[in-house]
Amino acid sequence: MRTKTHRPMVVGVSDATRAREVQQEIEDFLRALNSYPDRFAHDPQLSFEQHLLSIAGLTQAYSAGENQRQAS
(Lines give C-alpha, C1' and ligand atoms only; values in the text may rest on other atoms or scores of the structure.)
Protein backbone atom coordinates (compact mmCIF):
# COMPACT_ATOMS: atom_id res chain seq x y z
CA MET A 1 0.00 0.00 0.00
CA ARG A 2 1.38 3.42 -0.91
CA THR A 3 1.48 6.08 1.72
CA LYS A 4 1.04 9.74 0.98
CA THR A 5 4.32 11.60 1.19
CA HIS A 6 3.11 15.06 0.26
CA ARG A 7 1.74 17.63 2.63
CA PRO A 8 -1.95 18.41 2.23
CA MET A 9 -2.92 21.81 0.88
CA VAL A 10 -3.77 24.24 3.63
CA VAL A 11 -6.49 26.79 2.98
CA GLY A 12 -5.22 30.32 3.33
CA VAL A 13 -1.57 29.59 2.57
CA SER A 14 -0.09 32.28 0.38
CA ASP A 15 1.28 31.52 -3.07
CA ALA A 16 4.75 32.55 -1.90
CA THR A 17 4.61 30.14 1.04
CA ARG A 18 3.42 27.29 -1.15
CA ALA A 19 6.14 28.08 -3.71
CA ARG A 20 8.78 27.83 -0.95
CA GLU A 21 7.32 24.50 0.19
CA VAL A 22 7.37 23.13 -3.35
CA GLN A 23 10.94 24.34 -3.87
CA GLN A 24 11.97 22.62 -0.62
CA GLU A 25 10.32 19.37 -1.71
CA ILE A 26 12.20 19.51 -5.01
CA GLU A 27 15.50 20.18 -3.22
CA ASP A 28 14.85 17.29 -0.79
CA PHE A 29 14.09 14.94 -3.68
CA LEU A 30 17.26 15.91 -5.56
CA ARG A 31 19.35 15.61 -2.39
CA ALA A 32 17.91 12.13 -1.77
CA LEU A 33 18.44 11.13 -5.39
CA ASN A 34 22.11 12.12 -5.23
CA SER A 35 22.82 10.55 -1.84
CA TYR A 36 20.82 7.32 -2.18
CA PRO A 37 23.50 5.23 -3.96
CA ASP A 38 25.95 5.71 -1.06
CA ARG A 39 23.28 4.98 1.56
CA PHE A 40 22.13 1.92 -0.39
CA ALA A 41 25.71 0.63 -0.55
CA HIS A 42 25.81 0.66 3.26
CA ASP A 43 22.18 -0.42 3.80
CA PRO A 44 20.72 -2.41 0.86
CA GLN A 45 17.44 -2.91 2.76
CA LEU A 46 16.74 0.84 2.69
CA SER A 47 14.20 1.82 0.05
CA PHE A 48 14.45 5.11 -1.81
CA GLU A 49 11.17 6.18 -0.23
CA GLN A 50 12.53 5.59 3.27
CA HIS A 51 15.66 7.53 2.40
CA LEU A 52 13.65 10.41 0.93
CA LEU A 53 11.43 10.58 4.00
CA SER A 54 14.48 10.69 6.26
CA ILE A 55 15.92 13.58 4.22
CA ALA A 56 12.59 15.42 4.30
CA GLY A 57 12.32 14.82 8.06
CA LEU A 58 15.76 16.31 8.62
CA THR A 59 14.79 19.36 6.59
CA GLN A 60 11.59 19.83 8.58
CA ALA A 61 13.46 19.46 11.88
CA TYR A 62 16.06 21.99 10.76
CA SER A 63 13.35 24.42 9.61
CA ALA A 64 11.49 24.07 12.90
CA GLY A 65 14.70 24.84 14.81
CA GLU A 66 15.35 27.90 12.64
CA ASN A 67 11.81 29.14 13.23
CA GLN A 68 12.22 28.76 17.00
CA ARG A 69 15.50 30.69 16.97
CA GLN A 70 13.93 33.51 14.92
CA ALA A 71 10.99 33.76 17.33
CA SER A 72 13.33 34.14 20.33
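Structure's up top.
This report concerns the structure included in the present document. (Residues numbered from 1 in each chain as written. Predicted model: local features only at pLDDT ≥ 70, side-chain atom pairs only at ≥ 80, totals over all residues. Heavy atoms only, no water.)

The next subject is the packing of aromatic side chains. Tallied over the full model, the rule gives three aromatic pairs. Ring geometry for phenylalanine 29 against phenylalanine 48: centres 5.6 Å apart, planes inclined by 75 degrees, an arrangement best described as edge-to-face. On the criterion of sequence distance, the pair formed by phenylalanine 29 in helix α1 (residues 15–42) and phenylalanine 48 in helix α2 (residues 48–71) is long-range, its members being 19 residues apart. Residue phenylalanine 48 is classed as partly exposed on the basis of its relative accessible area, which comes to 24%. (Phe/Tyr/Trp six-rings, centres within 6.5 Å; stacked < 30°, edge-to-face > 60°. Helix = DSSP H or I, 4+ residues; strand = E, 2+ residues; numbered from the N terminus. Buried < 20%, exposed > 50% of the residue type's maximum accessible area, 1.4 Å probe, protein only.)

Assignment of secondary structure puts leucine 33 in helix α1. Leucine 33 gets classed as partly exposed once you look at its relative accessible area, which sits at 44%. Between the alpha carbons of leucine 33 and histidine 51 there is a distance of 9.0 Å; along the sequence they are 18 residues apart.

Here the focus is the side chain of threonine 59. Within the element layout of this structure, threonine 59 appears in helix α2. Given the relative accessible area of 12%, threonine 59 is considered buried. One polar contact links threonine 59 to aspartate 28, side chain to side chain, over a distance of 2.8 Å. (Polar contact = N/O pair within 3.5 Å; in protein donor to acceptor, adjacent residues only side chain to side chain.)

Next up on the list: the pattern of salt bridges. A full pass over the atoms with the stated rule returns three salt bridges. Between glutamate 21 and arginine 18 there is a salt bridge whose closest N-O contact spans 3.0 Å. Placement of the pair is glutamate 21 and arginine 18 together in helix α1, with a separation of three residues, close to one helical turn. Classification of arginine 18 by relative accessible area gives partly exposed; the value is 24%. Note that glutamate 25 and arginine 18 form a salt bridge whose closest N and O atoms lie 3.9 Å from each other. (Salt bridge = Lys/Arg side-chain N within 4 Å of Asp/Glu carboxyl O.)

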